[in-house]
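# Observations on chain architecture
Given next are the chains, with one letter for each unit.
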Amino acid sequence: MNAPFDTSTAIGPAANVQPAPDHQVAVIGLGYIGLPTAAVLASYGWDVCGVDVSEKVVETVNAGGIHIEEKDLDRLVREASDSGKLTASLEVPSAHFYMIAVPTPLTEEKTPDISYVESAARAIAPQVQPGACVIVESTSPVGTTERVAQIIAELRPDLKLPVYGSQEPGDIALAYCPERVLPGKIVRELVQNDRVIGGITPACASRAGALYKSFVEGDCLTTNCRIAETVKLTENSYRDVNIAFANELSVIADDLGVDVWDVIALANRHPRVNILQPGPGVGGHCIAVDPWFLVASSPKAANLIRTAREVNDFKAVYTERRVRALLDAVPGKVALLGLAFKPDIDDFRESPAMEIALSLAKTRGSRIMVVEPYATELPAGFAGSGAQLVELDEALQTAEVIVVLVDHTAFKHLLPADLAGKLVFDTRGMLKK
């Protein structure tokens, strides 16, 4: 286990004349990225304060508990809390390092909303001391790190802020280091994956890099903040474009009356072809959102990326239409298997499965059975619809139609005999594997 490096390293000339900060690291936002990051840092010996606007979240973390499901996170948080290395607060403390890990949602106009990042910057500004480093981890449009610097400069005229493109040191450092982890593997990938660290200046990148090098086993690659911001959006846009090809191919295959899973399996035997697997759409807080950030930044140039987003959004609509056709074909109940945006997690954000299920429940609720092993009750949107959350065995016994929306491991044991006499719509190709 690596020990934290010397946090007294100066950024500007006045760095060592201030009182000692309350904590070594303050993580702003204790969600799916912030809490695992705070816990991992604490496990590597850092004194960490996690900050959140939810009193319930703060109380849970201070009691050594978790409010999200993620492999190994419960143990990590409990141990960090017991050791005293991790505490939580509603207020931003003074710290050597600040990591901003708050949401950056889309507006209804498909443009990025960085208001949570801006609020975090305003909360940090009164506490930040010379020598500190502010790192944005939230997925953000290009220019967000500089916006954070602008906010701090406006609120703290006593501080000299670094300027993009300049070699002049500031009193504090600012950098952008996007998360690049997979839900279900976050704790492991926070440590093992390479990180891209973009500073407003090279000195800022170096300062932030020292923090990540203390716990990241992968390479820590430094660049400027604008490149790092673009890299994050590019990674998820690349995935989205490739998934869109698979999803559009699945619609074409339906039109042609051929099995898309057989088409893909055989096409992928070509040494230079690697088609991804289609599904009912694309979900999650990254791939379903981040490409729109690039489109918003360069609307005239981002034609392919925009089209891919539209293809993947349409796939959920197309899938729902096919399920409704099955509902019209039989009088009985339909079992929808899965609500999460990917297998074996409890994360329903931007989930096409959730979108489809909610829409069906609005008009056919009394006929809808939902099987979701990562939920103890249906989300609030289902209230009053008549839809039911049931166990898999009950769904198999009762439903006439089985729709696989998420290929959870809990569903993969199903055999043809389990589905005999039922109409089956497998949007994930799970039963072909």
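In this report, the structure presented in the accompanying data block is examined.

Calculation criteria
- Residues numbered from 1 in each chain as written.
- Predicted model: local features only at pLDDT ≥ 70, side-chain atom pairs only at ≥ 80, totals over all residues.
- Heavy atoms only, no water.
- Pairing = 2+ DSSP bridges.
- Helix = DSSP H or I, 4+ residues; strand = E, 2+ residues; numbered from the N terminus.
- Axes fitted to C-alpha atoms, helices over the stretch in contact; angles between N-to-C directions.
- Contact = heavy atoms within 4.5 Å.
- Phe/Tyr/Trp six-rings, centres within 6.5 Å; stacked < 30°, edge-to-face > 60°.
- Lys NZ or Arg CZ within 6 Å of the ring centre and 35° of its normal.
- Buried < 20%, exposed > 50% of the residue type's maximum accessible area, 1.4 Å probe, protein only.
- Arc of directions from axis to C-beta.
- Patch = residues over 30% accessible without salt bridge, like charges linked within 9 Å, V, L, I, M, F, W, Y side chains within 5 Å.
- Areas by Shrake-Rupley, 256 points an atom, 1.4 Å probe, with all protein chains shown as cover.
- Salt bridge = Lys/Arg side-chain N within 4 Å of Asp/Glu carboxyl O.

Here we come to the sheet that holds strand 4 (residues 95-100). Reading across the sheet, the 8 strands line up as 3-2-1-4-5-6-7-8 and stay open at both edges, with mixed pairing between neighbours. Two strands in the sheet have a free side with no partner beyond their single neighbour: strand 3 (86-89) and strand 8 (220-224). Put simply, the sheet's adjacent strands are angled 25° from each other on average, direction ignored. In terms of strand pairing, strand 1 (residues 23-28) meets strand 2 (residues 48-51) through 4 bridges, oriented parallel. Counted as the bridge partner of V25 is V48 from strand 2. Contacts from helix 1 (residues 34-43) reach strand 1, strand 2, strand 3 and strand 4 within the one sheet, and its direction differs from that of strand 1 by about 165°. Here helix 5 (residues 144-155) sits on the sheet in contact with strand 5 (133-136) and strand 6 (173-176), set at roughly 155° to strand 6.

Within the structure shown, the criterion is met by 4 aromatic pairs. Feature note: the residues Y44, Y212 and F215 constitute an aromatic cluster, connected by ring pairs. When the ring centre of Y164 is taken as reference, the NZ or CZ atom of R226 above it lies at 3.8 Å. Between R322 and the ring centre of F425, over which it is positioned, the NZ or CZ distance is 4.2 Å.

This part covers helix 4 (residues 115-124). Listed in full, the buried residues belonging to helix 4 are V117, E118, A120, A121 and I124. Seen end-on, helix 4 carries its buried residues on one side only, within an arc spanning 160°. Buried residues along helix 4 sit in contact with strand 1, strand 4, strand 5 and helix 5.

Let us look at a nonpolar patch on the surface. The grouping of I252, L256, V258 and V263 at the surface amounts to a nonpolar patch, some 330 Å² of accessible area in total. Relative to the helices and strands, V263 resides in helix 9 (residues 260-267). Residue classification places V263 among the partly exposed residues on the basis of a relative accessible area of 34%.

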